[in-house]
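Coordinate analysis (summary)
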Amino acid sequence: MASLTSEGNITSFQKKGRNRIPYIQGTRQSVQNAQILASSGVPSLDHVLGNGLPVGTILLIEEDVFGTFAKLMLKYFLAEGAACDHPLFLASRDIVPKSLMKDLPLPIKSDSGSGSSQGAKVEDPMTIAWRYQNMRQVQSAPGSSNSGTQLGHNFDLTQTISPEDLDSCDFTLWSGPEENDLPVGGFINPDYGFLLSRIQKHLLDGQFGVQDEPSKHSILRLAIHSLGSPLWVNSSCGQSLDATIKKDLPRFLLCLRSLLRESYALAMVTVPCHLFQDPAIQRLCEYQSDMALKFESFAGSSYETNPVFKEYHGLLHVRKLGPINTLATPVPESLDLAFKLRRRKFVIEKLHLPPELQESAQREQDDILSGNKSFSCSSNQSSKLDF
Amino acid sequence: MLRSISDGRLQSPLILFVDNGPELYPGKQYGPFSSLVDEDSDSSSMFLSVIKSYVKGSERATHVLCWQRKTSQHLETLQKQFPSKLILHDCLSDFNGWIDQGRHQSHLFSIIDNSISEDTREINIVIDSLSNPLFTIGFGSCIQDLQKIVNFGSINGIKVHQLLCLVNANLVPFGPASILHLKHIASTVVELKCHVASITHRKPGGHIEKKEEKYAILSEGEISIEPLRASALTEIRHTEEKPSTLPQDVASFRVGLSDKEKEDRSKLVLPYMRTSDTPQEIEDGGGKVFYQPDAVDDWDDEDPDDDLDI
């Protein structure tokens, strides 16, 4: 018996003659785990997630309170798909999906930003501190150093996609169940089942399965906006709000994930986690998705006027980086990440404290962060350390 | 901001007033009959006062869905003054359609559907309060109707310019969770508590404006409003136009240098500077000591290691 299995093992090790992974526009094979990667549309976000989103996975985005940045992420995700000729699928009950599609940003053709920074460097040589001349510049935006091998496009938020380009793009919109749909999966709120059956049908019809052999492989980008929002409350729900969502939402994500695993597709799902009273829902959703990010916006919060965060518009919390085709996940060099929205561009950066320019007895950010805690070792209550 | 709401000037499709009820003081003993939920609460009369001035200020017709007895009683006199501007709907009587089948309210605005003719222009709707229909019509169905107004500005073919509604935070089907859900879909939220209104207004571009205002109800039903404090504006600031805190803005003298001054400065040779006219061998790393003997130097020609047997 033992010899038989060992023999079987030897014969089963065959090197495949042809490369089984087809070339798909807008994708690249990961050097770590041979997974196909596609860009999320934000180069700095790709860098945080290990150079791109692996195809066949779900990226869960926990929305900021007013949903502004989560919606922006969806726009980038879809715009990247439109720029790479990927078919798109957008589902939302909260907003009119068509209005989001009309708002997609346009890709920038050439990057002129790096050239101007080079010029500035030569113009002002260091005469005294010349040893620092050739030091590497600190890159606070992750992934900006290797812009030559960048996977995705850069987008300009001030320009939106033209109606002709939108017409030529292959997209499907979902805002609610239609008449002859059949729900699947035994959800309490049948809407989840309606959406799932629609996605399943779309994957089948478009031949996105790994077994399928269409004339040209492409990647379906699924964007689901605000899943589990008030609009997903069952019109005849009798139990508490959280109990229904707790059963339906993780189940939906699990079903979606199993569909995606065997298809050339990837999904970005935003969930308004701040609406759930039960923290277990958030954990379950994170557990059922492959990667999870939380956007914490400063809009309307006390952080907005805090001098520590003056340069940023919010914090990015990496909640989960799932191991895909590997045992260990690639961990970005820093997990203290913040984001800012410029007029044209959204960037994720390592969180830096601002330079101290005002003359003050004590650094003000220390007060704010430590609250009333005293740092002095002695028992006296003076706030300064006396030597 | 409260003033601009009551004059109908604020551009916002759905304004939600949340009545948080009276403040409970910890440690104070409350009698067995003290009521947390009071129809005649202060916030509720404040909302009615807002409605009265809203009806007078707006040029559109205002339809008020009365889900409380006192709403219709309070507004009756005003309706007689402005019959074309204010239309009252009594939602409370026979909402299940047990007496008259036609009065059954299957969704939030079914009572208006019957009373509006095709050629009506935009209208404003006021719901006082939302707490009852959330139970009788259903939470999910109400939320979906409200969302349609936010998204499309119309419902069942009726164009709705603005919708004002009051909800009592203690009188909702699923407790605090439902208030969170309602706030999530509203474009403007006015939280009423202890004569203070905290207003959170979402602008269409995604900017957030927050205000806190103190209000008092005067004897004639008018309200007086004063800002509590201008809490800092929250905007999604664009980093390009951030205010500079560089020293030149605070200094009383000129901090920068002109081109001429920069040129002069660059001519000055400072210690530790790497000058271009250094000899080649020094550049290459070879060292040499030049020493100019001083007049008082004790110069010794002897070999200092003479006594050693090397």
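Quantities reported herein were computed from a predicted structural model and do not represent experimental measurements.

Describing the overall build of chain B
Helix and strand counts for chain B come out as nine helices and ten strands. Here chain B holds 310 residues, and the buried ones make up 38% of them. Of the roughly 18500 Å² of accessible surface on chain B, a fraction of 52% belongs to carbon and sulfur atoms.

Some thoughts on the confidence of the model for chain B
Residue and element names in this part refer to chain B. Averaged over all residues, the pLDDT of chain B is 78; the fraction at 70 or higher stands at 81%. Contacts from residues 231-242, a stretch scored under 50 in pLDDT, to residues over four places away or in other chains number 37 contacts. If you check the scores for this complex, the pTM reads 0.77 and the ipTM reads 0.74.

Points about the sheet that holds strand β3 (residues 53-54) of chain A
In space, the three strands of this open sheet follow the order β1-β2-β3 (chain A), with antiparallel pairing throughout. Two strands in the sheet have a free side with no partner beyond their single neighbour: β1 (27-29) and β3 of chain A.

So, the packing of helix α7 (residues 190-205) of chain A against helix α8 (residues 241-261) of chain A
Residue and element names in this part refer to chain A. Direction vectors running N to C along α7 and α8 enclose 5 degrees, while the axes themselves pass 11 Å from each other. Between α7 and α8, the crossing angle belongs to the class labelled roughly parallel. In this structure, α7 contributes Y192, L195, L196, I199, Q200 and L203 to the contact, and α8 contributes D248, L249, F252, C255, L256 and L259. Residue composition of the contact of α7 with α8, by class: ten nonpolar, one polar and one charged.

Looking at helix α2 (residues 42-57) of chain B
Its 16 residues place the ends of α2 of chain B 23 Å apart at the C-alpha level, agreeing with the 22 Å of an ideal helix rising 1.5 Å per residue. Within α2 of chain B, the full set of buried residues consists of S43, S44, M46, F47, L48, S49, V50, I51, Y54 and V55 of chain B.

Quick word on the confidence of the model for chain A
All names here are of chain A. Put simply, chain A has an average pLDDT of 79, and 78% of its residues get 70 or more. Within the model, the stretch residues 112-121 combines pLDDT values under 50 with one contact to residues more than four positions away or in other chains. Scored below 50 in pLDDT, residues 370-383 makes seven contacts in the model with residues more than four places away or belonging to other chains.

Observations regarding the packing of aromatic side chains
Per the counting criterion, the structure on display carries 17 aromatic pairs over all chains. Their ring planes at 90 degrees and their centres at 5.7 Å tell us that F139 of chain B and F174 of chain B sit as a pair that is edge-to-face. Of this pair, F139 of chain B sits in helix α6 (residues 139-152) while F174 of chain B sits in the loop between β6 (158-168) and α7 (176-185), and the two are 35 residues apart along the sequence. Given a relative accessible area of 3%, F139 of chain B falls into the buried group. Put simply, the rings of F69, Y76, F155, F295, F339 and F346 of chain A touch in pairs and so form one group of aromatic residues. Positioned above the aromatic ring of F77 of chain A, the side-chain terminus of R221 of chain A is 5.0 Å from the ring centre.

Observations regarding the pairing of strand β5 (residues 88-92) of chain A
Residue and element names in this part refer to chain A. Counting buried positions along β5 yields five of five residues, so the element is predominantly enclosed. The alternating pattern of β5 places L88, L90 and S92 on one face and F89 and A91 on the opposite face, and all of these are buried. Relative to strand β8 (residues 171-174), β5 is paired through four bridges, and the arrangement is parallel. Bridge pairing in β8 places L88 opposite F171.

Topic: the sheet that holds strand β12 (residues 314-321) of chain A
Residues and elements named next belong to chain A. Read across the sheet, nine strands follow the order β8-β5-β9-β10-β4-β11-β12-β13-β14 without closing on themselves; strand pairing throughout is mixed. The sheet is open, and its two edges are formed by β8 and β14 (346-350), each paired on a single side. For this sheet, the mean angle separating the axes of adjacent strands, direction not counted, is 20 degrees. Of the strands in this sheet, β4 (58-62), β5, β9 (220-225), β10 (265-271), β11 (291-297), β13 (337-341) and β14 are in contact with helix α3 (residues 68-83), which crosses β9 at around 165 degrees. Lying over the sheet, helix α9 (residues 279-288) contacts β4, β11 and β12, oriented at roughly 155 degrees with respect to β4.

Observations concerning the nonpolar core
The biggest cluster of nonpolar side chains holds 46 residues, and the ones touching the most others in it are M73, F295 and F346 of chain A. Here this core gets ten residues from one element, more than from any other, and that element is α3 of chain A. Those residues in contact with F295 of chain A that sit more than four places away from it in its chain are I61, E62, E63, D64, F69, M73, L315, L316, F339 and F346 of chain A. Counting residues in each nonpolar core, the second largest holds 42 residues, with V18, I158, L163 and V189 of chain B among its members.

Describing the pattern of salt bridges
Residues and elements named next belong to chain A. Tallied over the entire structure, the rule returns 19 salt bridges over all chains. Across the pair R93 and D191 runs a salt bridge whose closest N-O atoms are separated by 2.3 Å. Here R93 is found in the loop between β5 and α4 (97-102), whereas its partner D191 is found in helix α7, with 98 residues between them in sequence. The exposure class of R93 is buried, given its relative accessible area of 17%. A salt bridge links K246 to D278, with the nearest nitrogen and oxygen atoms 3.2 Å apart.

With respect to unusual backbone geometry
Of note, the amide linkage connecting D128 of chain B to S129 of chain B takes the cis form, showing an omega dihedral of -10 degrees. Mapped onto the elements of the fold, S129 of chain B is located in the loop between β4 (123-128) and α5 (131-136). One non-glycine residue, N51 of chain A, lies in the positive phi region at around 70 degrees. Turning to its location among the elements, N51 of chain A is positioned in the loop between α2 (43-48) and β3. Residue classification places N51 of chain A among the partly exposed positions, given a relative accessible area of 30%. Residues other than glycine seldom take positive phi values, yet S226 of chain A does so here, at roughly 50 degrees.

A short note on the environment of Q144 of chain B
If you trace the backbone, Q144 of chain B turns up in helix α6. Expressed as a C-alpha distance, the spacing of Q144 of chain B and L108 of chain B, which sit 36 residues apart in the sequence, is 9.5 Å. Discounting residues that sit within four places of it in the chain, Q144 of chain B has contacts with R93, L231 and V233 of chain A.

The rules behind the values
- Residues numbered from 1 in each chain as written.
- Chains lettered and ligands numbered in written order.
- Predicted model: local features only at pLDDT ≥ 70, side-chain atom pairs only at ≥ 80, totals over all residues.
- Heavy atoms only, no water.
- Helix = DSSP H or I, 4+ residues; strand = E, 2+ residues; numbered from the N terminus.
- Buried < 20%, exposed > 50% of the residue type's maximum accessible area, 1.4 Å probe, protein only.
- Areas by Shrake-Rupley, 256 points an atom, 1.4 Å probe, with all protein chains shown as cover.
- pLDDT = per-residue confidence, 0-100.
- Contact = heavy atoms within 4.5 Å.
- Pairing = 2+ DSSP bridges.
- Axes fitted to C-alpha atoms, helices over the stretch in contact; angles between N-to-C directions.
- Parallel < 35°, antiparallel > 145°, perpendicular 65-115°, else oblique.
- Nonpolar A, V, L, I, M, F, W, Y, C, P; charged D, E, K, R; others polar.
- Expected span 1.5 Å × (residues − 1).
- Phe/Tyr/Trp six-rings, centres within 6.5 Å; stacked < 30°, edge-to-face > 60°.
- Lys NZ or Arg CZ within 6 Å of the ring centre and 35° of its normal.
- Core = buried A, V, L, I, M, F, W, Y, C linked by side-chain atoms within 4.5 Å.
- Salt bridge = Lys/Arg side-chain N within 4 Å of Asp/Glu carboxyl O.

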